[in-house]
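# Structural overview for review
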Amino acid sequence: MNSVSSFSPSVKDCSPQEFVQSPNQLLLIDVRSGFEYAMGHAPGAINLSLPRILIGMIPIFRRWVLPPWFQDLPKDKPIAVICLTAHRSPIAAKQLAKAGFAKVFNITGGMVEWRRLGLEIETNS
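This structure is a prediction, so every number in the text was calculated from the model and none was measured.

For the structure shown, the criterion picks out three salt bridges. Asp 30 is the salt-bridge partner of Arg 32, the closest N and O atoms lying 2.8 Å from each other. Residue class for Arg 32 comes out buried when judged on its relative accessible area of 3%. Here Arg 116 and Glu 113 are joined by a salt bridge, their closest N and O atoms 2.8 Å apart. With Arg 116 and Glu 113 both in helix α7 (residues 110–116), this residue pair falls three residues apart, about one helical turn. Under the relative-accessibility criterion, Arg 116 is labelled exposed at 60%. A relative accessible area of 21% means that Glu 113 is categorised as partly exposed.

Put into C-alpha cells, the structure is as follows:
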C-alpha cells in the first residue's frame, strides 16, 4: 500500500490483497452503479456511485446528492475506493483527495481482480 499513484500525490494504490490484509480500518466505497454493486461487492463496502461523487463535489448540489454519512466523514478518515476494473475508482479517488480527504487509496484491478483472487464477495438479497 505504499506506491503512490501517478495521477495524484495524495492517492495511493492498494491491491485487493493489501486491502484485505491491512490492519488499518479503511472505509471502502464502491463507486459502481447500484445494479453492479447489488450483483456482488466486497464485504463492508458502501455504494456511492462515481456520478454522485462528481456531482456532489459541486457545492450547490452537495447536500442533495451526497448522503449524510458521507457529508459527516472526517477528512482524516482513511478511505479506499473500488470499481469494476479500476477505471472509475482513480477518478473518484482523485476527487476525494481534491475535496480534502487526507488518506485515499485506490484498489487496483477493481472487483475483477478481487474476484480473480477468490476474495469474499457479498450480494444484496
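What follows is about unusual backbone geometry. With phi around 75 degrees, Ala 86 is a residue other than glycine that occupies positive phi space. Following the sequence through the fold, Ala 86 ends up in the loop between β4 (79–82) and α6 (89–98). By relative accessible area, Ala 86 is classed as buried at 19%.

Take the nonpolar core next. With 20 residues, the main nonpolar core has Ile 29, Val 31, Phe 70, Ile 79 and Leu 96 as its most contacted residues. Where this core is concerned, the elements lending two or more residues are β2 (27–30), α3 (50–56), β4 and α6. The biggest single contributor to this core is α6, with four residues. If we ignore the near neighbours within four places in the chain, the residues touching Val 31 are Leu 48, Ser 49, Leu 50, Ile 53, Val 81, Ile 82, Cys 83, Arg 88, Ser 89 and Ala 92.

A few words on the confidence of the model for the protein. Here the protein averages 92 in pLDDT, and 92% of its residues register 70 or above. Long-range and interchain partners of residues 2–8, a stretch whose pLDDT sits below 50, account for 14 contacts in this model, where long-range means more than four residues apart.

We now examine the environment of Leu 50. Here Leu 50 lies in helix α3. Between the C-alpha atom of Leu 50 and that of Ser 33, which follows or precedes it by 17 residues, the distance is 7.9 Å. Residues contacting Leu 50, with those up to four places away along its chain left out, are Val 31, Arg 88, Ile 91 and Ala 92.

We now examine α6. Counting buried positions over the 10 residues of α6 gives seven, a clear majority of the element. All buried positions along α6 are accounted for by Ser 89, Pro 90, Ala 92, Ala 93, Gln 95, Leu 96 and Ala 97. Once α6 finishes, Gly 100 follows within two positions and takes phi at roughly 105 degrees, a positive value.

With parallel pairing, five strands are arranged side by side in an open sheet as β1-β5-β4-β2-β3. Because the sheet does not close on itself, it has two edges, and the strands there are β1 (11–14) and β3 (46–47). Relative to strand β5 (residues 104–107), β4 is paired through three bridges, and the arrangement is parallel. The residue of β5 that forms the bridge with Ala 80 is Phe 105. This element, α6, spans β1, β4 and β5 of the sheet and lies at about 180 degrees to β5.

About the thresholds
Residues numbered from 1 in each chain as written. Predicted model: local features only at pLDDT ≥ 70, side-chain atom pairs only at ≥ 80, totals over all residues. Heavy atoms only, no water. Salt bridge = Lys/Arg side-chain N within 4 Å of Asp/Glu carboxyl O. Buried < 20%, exposed > 50% of the residue type's maximum accessible area, 1.4 Å probe, protein only. Helix = DSSP H or I, 4+ residues; strand = E, 2+ residues; numbered from the N terminus. Core = buried A, V, L, I, M, F, W, Y, C linked by side-chain atoms within 4.5 Å. Contact = heavy atoms within 4.5 Å. pLDDT = per-residue confidence, 0-100. Pairing = 2+ DSSP bridges. Axes fitted to C-alpha atoms, helices over the stretch in contact; angles between N-to-C directions.

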